[in-house]
Amino acid sequence: MKPARTKPPLDDHRLHPYLDSAELAPVVALARRAAALPATPVLIRAPEALIHAGEEPPASRPFVVLHCRGVAEAALERELATGAPSAALARARTGTLYVDEVANLGARAQAAVVGLLEGARRPGGAAPARPHRLVFGTSVDLKRAVKERAFRADLLERLSVLTLDLPRLRDRGEDILPLARRLLAARTLAVGGKPLTAGACAKLLSYDWPGNCAELATVIERAVILEEGEAISDAAIIFAREAVSGGADSISDLFSRLVSTQSRPPTIDELEHAYLVWLLRFTFGNRTAASRLLGVSYPTIMKKIRDYQIDFKAFARVRRTA
């Protein structure tokens, strides 16, 4: 009888092809050591909000992300309340709670996190209602936030036990294409996936990525919307500086101009007009893509273009001459 075959260990390169990056090697090694210390909170300092693109964790080990940017403090407090079954803290009870952009927590929510961490350290007490692992992410300087009295010094002290510093995307070029393919696969899963052409890969590698991984995610999402073929071409890879250059006022410019010249904010129609112009500039005049982004039908967006007398063809010309 042949001996039973044991299941081979997970191949990290197969699951996360960008982990072999030389620039990330020290961070990955430290993260592996941290994995053996679930009681220790981990602070991840990255140049932009992190993107969690990992495999679905097993049901016994959920991965719950709490986004703090642009969320009301009362809502964040509810998510961090241990008694609410639907709160993030409760849903991550046996797994990981990742608090993204922790600097955006208000005073009361910060106090709740301090209490949670102090409860974990209190000797002889009952087991606190906290997740198996707590991970926090930030793209701002928390030491400066403490000096500006926007962040609690005692919370920073507790979060600084184990800190992982992620380098910028432009400093780890080996990661660009694997990350792009991973993001692309996630967004085209329903249509069977779309590969990147050689031209698209070359264009992604030639860019300096001032917006880091967040900008890469935006570029890939835009490419999926714009590309009508079976593969993502270089023409569908459009960077932020190309998508928003030239043309009419941005919405913030519109506010500033009208307040300074007419002492009034813009009307709803003026805002809609400015946003539609920005959207068409973003898609280089592609009305189908603009309608998808706006969440309206193609006839609806065409009616608005006619009503506002917008020359969408001008944006297509900008693309051809770029």
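Quick look at the structure, then. (Residues numbered from 1 in each chain as written. Predicted model: local features only at pLDDT ≥ 70, side-chain atom pairs only at ≥ 80, totals over all residues. Heavy atoms only, no water.)

Two elements in contact, helix H13 (residues 268–282) and helix H15 (residues 298–307), have axes whose closest approach is 11 Å; the angle formed by their N-to-C orientations is 115°. Comparing the axis directions of H13 and H15 gives the class roughly perpendicular. Between H13 and H15 the crossing geometry is left-handed. Between H13 and H15, the residues in contact are Glu272, Leu276 and Leu280 and Ile301, Lys304 and Ile305, respectively. For the contact of H13 with H15, the residue count by class is four nonpolar, no polar and two charged. (Axes fitted to C-alpha atoms, helices over the stretch in contact; angles between N-to-C directions. Helix = DSSP H or I, 4+ residues; strand = E, 2+ residues; numbered from the N terminus. Parallel < 35°, antiparallel > 145°, perpendicular 65-115°, else oblique. Left-handed = near helix turned anticlockwise from the far one by under 90°. Contact = heavy atoms within 4.5 Å. Nonpolar A, V, L, I, M, F, W, Y, C, P; charged D, E, K, R; others polar.)

Turning to the pairing of strand S2 (residues 63–67), a few remarks are in order. Here S2 shows one buried face, formed by Val64 and Leu66, and one open face, formed by Phe63, Val65 and His67. The pairing of S2 with strand S3 (residues 96–100) spans five bridges and is classified as parallel. Looking at the pairing, Leu66 lines up with Val99 of S3. (Buried < 20%, exposed > 50% of the residue type's maximum accessible area, 1.4 Å probe, protein only. Pairing = 2+ DSSP bridges.)

Looking now at the nonpolar core. In this structure, Leu97, Val102, Leu105, Phe136, Phe151 and Leu159 are the most contacted members of the largest nonpolar core, which totals 26 residues. At the level of secondary structure, the elements contributing two or more residues to this core comprise S2, helix H4 (88–91), S3, helix H5 (107–121), strand S4 (133–138), helix H6 (142–147) and helix H7 (153–159). In terms of residue count, the dominant contributor to this core is H5 (five residues). Among residues more than four places away in sequence, those in contact with Phe136 are Pro41, Val42, Leu43, Ile44, Tyr98, Val99, Val102, Val113 and Leu159. Within the second largest apolar cluster, 24 residues are counted, among which are Leu177, Leu216, Ala217 and Ile237. (Core = buried A, V, L, I, M, F, W, Y, C linked by side-chain atoms within 4.5 Å.)

Below, the discussion takes up unusual backbone geometry. With a phi close to 55°, Phe284 is a non-glycine residue in the positive phi region. Secondary-structure assignment places Phe284 in the loop between H13 and helix H14 (287–294). You will see that Gln309, though not glycine, has its phi angle at about 55°, which is positive. Topologically, Gln309 is positioned in the loop between H15 and helix H16 (312–321). For Gln309, a relative accessible area of 73% puts it in the exposed group.

So, on to helix H2 (residues 25–35). If you check which residues of H2 are buried, you get Val27, Val28 and Ala34. Here the buried residues of H2 occupy an arc of 120° about the axis, which is enough to place them on one side. For H2, the exposed residues lying more than 90 degrees away from the buried face are Pro26 and Arg33. Against strand S1 (42–45), S4 and strand S5 (162–165) lie the buried residues of H2. (Arc of directions from axis to C-beta.)

What follows concerns the pattern of salt bridges. Using the criterion set out here, one finds eight salt bridges in the structure. One salt bridge connects Arg158 with Glu118, and the closest N-O pair in it is separated by 2.8 Å. Remark: Glu118 occurs in helix H5 and Arg158 occurs in helix H7; sequence separation between them is 40 residues. A residue is classified by how much of its surface remains accessible, and Arg158, at 15% relative accessible area, is buried. (Salt bridge = Lys/Arg side-chain N within 4 Å of Asp/Glu carboxyl O.)

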